[in-house]
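Working through the structure, step by step
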Amino acid sequence: MNTIIDFIRRKLSVRVSLWVVLFAALIFINALGFLFYQAREAVHQESVNRATQILDNTSMRVSAIMNRAEVATIMTEWLVKRHPDKADSMFVYSEGILRHNPDLNGCSIAFEPYHFKEQGRYFSAYSYREGDTIFSKQEGNSQYEYFYMDWYQQCHLLDRPGWTEPYLDEDENGFYSESIVASYCRPLKDKDGHFFGTIATDISLDWLSATISAVKPYPNSYSIMIGRGGTYFVHPDSTKLLYQTIFTESMENPDTAKVALGHAMQRGEEGMKQMDVDGKKCYVFYKPLAQTGWSMAIVCPEDDIFSGINRLHRAIMTIVIIGLLLMLCIFIQIITHELRPLRQLATEAETIASGHFDAQLPNFQRTDEIGQLSNSFGNMQHSLVQYIDELKKTTAEKATMESELQVAKNIQMSMLPKVYPPYPERDDIDIFGQLDSAKEVGGDLFDFFIRDEKLFFCIGDVSGKGVPAALVMAVTRAQFRTIATHETVPNRIVSVLNDTMVETNDSMMFVTLFVGVLDMLTGRLRYCNAGHDVPILIGSGAGLLPCDPNVPIGVMGGWKYTLQEATIDPGTTIFLYTDGLTEAENIEHDQFQEQRIFDVIHQSSNAPQQLIGAMTEAVHQFVGEAEQSDDLTMLALQYKHYQSDVRYQRSITLPNDVQSVPELAEFVDIVCEAAGFDMETCMKMNLAIEEAVVNVMNYAYPEGAKGAVSVDATISDEGLIFAISDNGKPFDPTSKEEVDTTLSAEERGIGGLGIHLIRQIMDSINYEYIDGRNVLKLIKKL
Amino acid sequence: MNTTFREENNDYVMSFEGRLDTAAAPDVEKATAPLMDCAGHNIILDCTQMEYISSSGLRIFLKILKNAKPQGSHVYIKGASEAINSVFAMTGFTNLFEFI
């Protein structure tokens, strides 16, 4: 069933044809229904007419015969009355009536007992017909006392002539014959009006029955006749004759229709009734028979009446159904044929859909809807090809852009320190940093490097995200590196960055930046915070590093960024982060916030890598399925410089006069000997210290002013350290740009070699301006 | 610091003896005055007896070189010890001077 429905759904031709045929069928059904109704009505009317006519005819025929019997009887009565005393002549009369009226079956002229004295008690002249012969006899005897018979008594009692109810004839021996007869009886009266006998003429009801039974307007119709009491006199079922009335059956199976019919017939009405007879629908037409009080009915089965029209009905229905089926087939064929181009189009569309965009569409040369569809489809194909070409181009461009972005990400990541631990040879610092971009490239940055025993580090967050932020990030990070090579003071680094950025900041980007410079020898941290999240110091406890409010860089040119200082105790970790950490959101848009950072810090080790690992895990757990909304950067630095025991110490203070250099040389020689250096190293130490000291002598004090320069030499596990200090004007030799020793003689300046030599000779140098003194430390490992 | 100047095979030879440090530099610079007018002569800086040289000394050597080159004179450094040579190497002088 489902497959049929599917088929119908799939086939437009079938569906349309079905609709058309269904509609046609509806019209046919209505039209034929009306036609059949009308025809039925006509047939019905015709049957009524026919039945009525037959009934009338039959009634007339019966009446005619009966009339003849009545007239003959009246004539004979007249004869009998003329000669009432001649018994023998009665036979003549009775025989005569039969002879002259072939319709009559018999005739009795019966007299009251002892009417003829000579005849005794019984005298009834009776003539009857057997075949063509007429016999006469005296039928009264002790066996057959005729004067008790209905036909004799009825007219006497009623005192008027009339027809008896039909009855089985009885012979003189009291036996019933097989034929049913009805008699017309007239009383015989003398002049004084005394009743002395009855004259009765019989007609055989066999004849009546044959006449009535012959009435067959339809093959299966039949006629009945009932008497005044409802007794059947004519009925196809002969067993019912005389013994049953029309009401008999209704006593067992109440049948109101039949009872009503019986009553109507008894009352002598004429008409038609529709009712069930023996389980069949029938029309019953009834009419009283002449003046007898009998009534006749024709029972016509409905099937018979309408058999013709039903046959017609069936034939027409068959023709219509075959016609409709034929129509369905033809329609399906026609529509299928008409839709063939559509199917072709569908096939081509399938081809196009499978990726063959250059497939040739069929050209139908039609101007109807299918032609229009084909044209539209062609246009669509054209547009599709164009669109897909564009899409391919766009996709390719996007892929290129994505691969470029990937390269950009790699470049950006390569800008960040990525080898940890970054200074495996140093045991005084441990650093770990991590950057997670929300997009391919991001605007967070961090960096650190050690120069002259100073750890320069920064963390920043560029406003916005994506490529613009990444570009600014790259520039900021590069400039930080460049500036920090010759600038040691954080607020000055930030100021230069700010001024540079403001100059070129057309796109109004800004960067929050924290820059710190940690002196590795003393643990002194100098820093400047340009609007960035405040770092957390984790030592014995955890707390925020106090920060002045400064605007982010790029916002306001010429802003005076403040410098702040703090001393970092060995073992303390500085934890820096961007707002991607505090503002990390979970699905409910709750933020991670500072409190959770402290919670993690309290539970975690303050070793940088472990701390950041724990923090990352906490954030991921908190964020869950939510998308990372911002770049997340963390940087942790643990300062671990513990002062080692000083094994040797020697100091010298010299005036700012270069003539005291030999004295310095002597001092250096003594120290180098204590350190156990060879001659060549000793000479180089001399060179480095002389360069540093002479530099102070020449430049620290105003020209002509007296000043002093101190040299403190200490030997510890860290190595040999010369600390050259003075209280002249602040001057940081480490921030001087390097001399290019590859230049030719012509290109070279004369000076600038001193600091270069110092860097070449010593393992590291370190400058600090502490308590109004320039302190330059030169370190040589042992 | 002692310096001696002599002319030898048409070459100007300047010998340095002892420590050429910042304290000694001004005198040494004065002593190198004869080397300034060196057209037609190559200059040999004899460091055989030199114990030490500081950046002040190197500056004097560079000044001599810068003066001599335009006059078409070659400047040679002679007999420098290994320690002194390493200082020349650190400062890139090995690329500027010719060594004999």
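The following paragraphs examine the structure supplied in this document. Keep in mind the model is a prediction, meaning the values are calculated, not measured. (Residues numbered from 1 in each chain as written. Chains lettered and ligands numbered in written order. Predicted model: local features only at pLDDT ≥ 70, side-chain atom pairs only at ≥ 80, totals over all residues. Heavy atoms only, no water.)

Some thoughts on the overall build of chain B
In terms of regular secondary structure, chain B is built from four helices and five strands. Starting at the N terminus and ending at the C terminus, chain B contains elements arranged as β-β-α-β-α-β-α-α-β. The proportion of buried residues among the 100 residues of chain B is 52%. Taking all contacts inside chain B whose residues are at least 6 apart in sequence as the whole, residues at least 24 apart take part in 67%. In the form shown here, chain B has an accessible surface area of approximately 4,300 Å², with 46% of it arising from carbon and sulfur atoms. (Helix = DSSP H or I, 4+ residues; strand = E, 2+ residues; numbered from the N terminus. Buried < 20%, exposed > 50% of the residue type's maximum accessible area, 1.4 Å probe, protein only. Contact = heavy atoms within 4.5 Å. Areas by Shrake-Rupley, 256 points an atom, 1.4 Å probe, with all protein chains shown as cover.)

Observations concerning the pattern of salt bridges
Residues and elements named next belong to chain A. All told, the structure shown has 25 salt bridges over all chains when counted by the stated rule. Among the salt bridges present, the one from Arg-99 reaches Glu-95, with a minimum N-O distance of 2.2 Å. One end of the pair, Arg-99, and the other, Glu-95, are both in helix α3 (residues 89-100), four residues apart, so they sit about a helical turn from each other. The salt bridge involving Lys-684 is made with Glu-680; its shortest N-O contact spans 3.3 Å. (Salt bridge = Lys/Arg side-chain N within 4 Å of Asp/Glu carboxyl O.)

Section: the nonpolar core
In this structure, Phe-722 and Leu-778 of chain A together with Leu-45 and Phe-61 of chain B are the most contacted members of the largest nonpolar core, which totals 73 residues. Considering every element that reaches this core, the biggest residue donor is helix α17 (residues 679-699) of chain A, with eleven residues. Phe-61 of chain B has contacts with Phe-16, Leu-20, Leu-45, Cys-47, Met-50, Ile-53, Ile-77, Phe-88, Phe-93 and Phe-97 of chain B, leaving out every residue within four places of it along the chain. (Core = buried A, V, L, I, M, F, W, Y, C linked by side-chain atoms within 4.5 Å.)

Observations concerning the interface of chain A and chain B
On the side of chain B, 28 residues touch chain A, which itself brings 28 residues to the contact. Both faces considered, chain A and chain B share a buried interface measuring about 2,200 Å² in area, 64% of it formed by carbon and sulfur atoms. At the boundary of chain A with chain B, the tally comes to zero salt bridges. Only α16 (661-675), α17 and α18 (753-761) of chain A provide two or more residues apiece to the side of chain A that touches chain B. The element that contributes the greatest number of residues to the side of chain A that touches chain B is α17 of chain A, accounting for eight residues. When its residues are assigned to classes, the side of chain A that touches chain B shows 13 nonpolar, nine polar and six charged. (Buried area = accessible area lost by both parts, 1.4 Å probe. Nonpolar A, V, L, I, M, F, W, Y, C, P; charged D, E, K, R; others polar.)

Thoughts on the packing of aromatic side chains
All names here are of chain A. Here the structure, examined in full by the defined rule, presents 34 aromatic pairs over all chains. Here Tyr-423 and Phe-448 contribute two aromatic rings whose centre-to-centre distance is 6.3 Å and whose plane-to-plane angle is 65 degrees, an arrangement assigned as edge-to-face. Placement of Tyr-423 in the loop between α10 (369-415) and β13 (429-436) and of Phe-448 in strand β14 (residues 444-451) is noted, with a sequence separation of 25 residues between them. Like Phe-448, Tyr-423 is buried. (Phe/Tyr/Trp six-rings, centres within 6.5 Å; stacked < 30°, edge-to-face > 60°.)

Quick word on the sheet that holds strand β10 (residues 271-277) of chain A
Residue and element names in this part refer to chain A. The five strands are arranged β9-β8-β12-β11-β10 in an open sheet whose pairing can be described as antiparallel. Strand pairing shows two members of the sheet lacking a second neighbour, β9 (232-234) and β10, which therefore form its edges. Averaged over neighbouring strand pairs, the angle between their axes works out to 35 degrees when direction is ignored. Judged from the eight bridges that link them, strand β11 (residues 280-289) and strand β12 (residues 294-301) form a sheet pairing that is antiparallel. By the bridge assignment for β12, Val-284 is matched with Val-299. Relative to β11, helix α2 (residues 12-82) is tilted by about 35 degrees, and along the sheet it contacts β10, β11 and β12. (Pairing = 2+ DSSP bridges. Axes fitted to C-alpha atoms, helices over the stretch in contact; angles between N-to-C directions.)

Here's the deal with the environment of Asn-550 of chain A
All names here are of chain A. Along the polypeptide, Asn-550 turns up in the loop between β19 (542-544) and β20 (564-567). For Asn-550, a relative accessible area of 7% corresponds to the buried category. Considered as a pair, Asn-550 and Tyr-561 are eleven residues apart in the sequence and their alpha carbons are 6.2 Å apart. Excluding anything up to four places from it in sequence, Asn-550 contacts Cys-528, Asn-529, Ala-530, Gly-531, Trp-559, Lys-560, Tyr-561 and Thr-562.

Observations concerning empty space enclosed by the protein
Residues and elements named next belong to chain A. Taken as a whole and judged by the stated rule, the model has two cavities of 30 Å³ or more. Residue lining of the largest cavity: 13 residues in total, with Tyr-222, Ile-224, Tyr-232, Lys-258 and Val-277 positioned closest to the centre. Only β8 (222-226), α7 (256-266) and β10 provide two or more residues apiece to the lining of the largest cavity. Broken down by class, the residue content of the lining of the largest cavity amounts to nine nonpolar, one polar and three charged. There is about 110 Å³ of room inside the second largest cavity. Every residue lining the second largest cavity is counted, 14 residues in all, and those nearest its centre are Asn-695, Val-696, Asp-726, Phe-731 and Asn-774. Elements with a contribution of two residues or more to the lining of the second largest cavity: α17, β25 (719-726) and β27 (773-780). If one sorts the elements of the lining of the second largest cavity by residue count, α17 sits on top with four residues. In the lining of the second largest cavity, the residues fall into ten nonpolar, two polar and two charged. (1 Å grid on protein atoms, 1.4 Å probe; cavity = no way out; pocket = protein on both sides within 12 Å on 5 of 7 lines; lining within 4 Å. Points joined across faces, edges and corners; volume = space filled by probe spheres on them.)

Examining helix α12 (residues 490-504) of chain A
All names here are of chain A. Given a rise of 1.5 Å per residue, 15 residues ought to cover 21 Å, and the 22 Å separating the end C-alpha atoms of α12 matches this to within 8%. Taken together, the buried positions of α12 are occupied by Pro-490, Asn-491, Ile-493, Val-494, Ser-495, Leu-497, Asn-498 and Met-501. Buried-residue contacts for α12 involve β15 (454-462), α11 (466-484), β16 (511-519) and β17 (524-530). (Expected span 1.5 Å × (residues − 1).)

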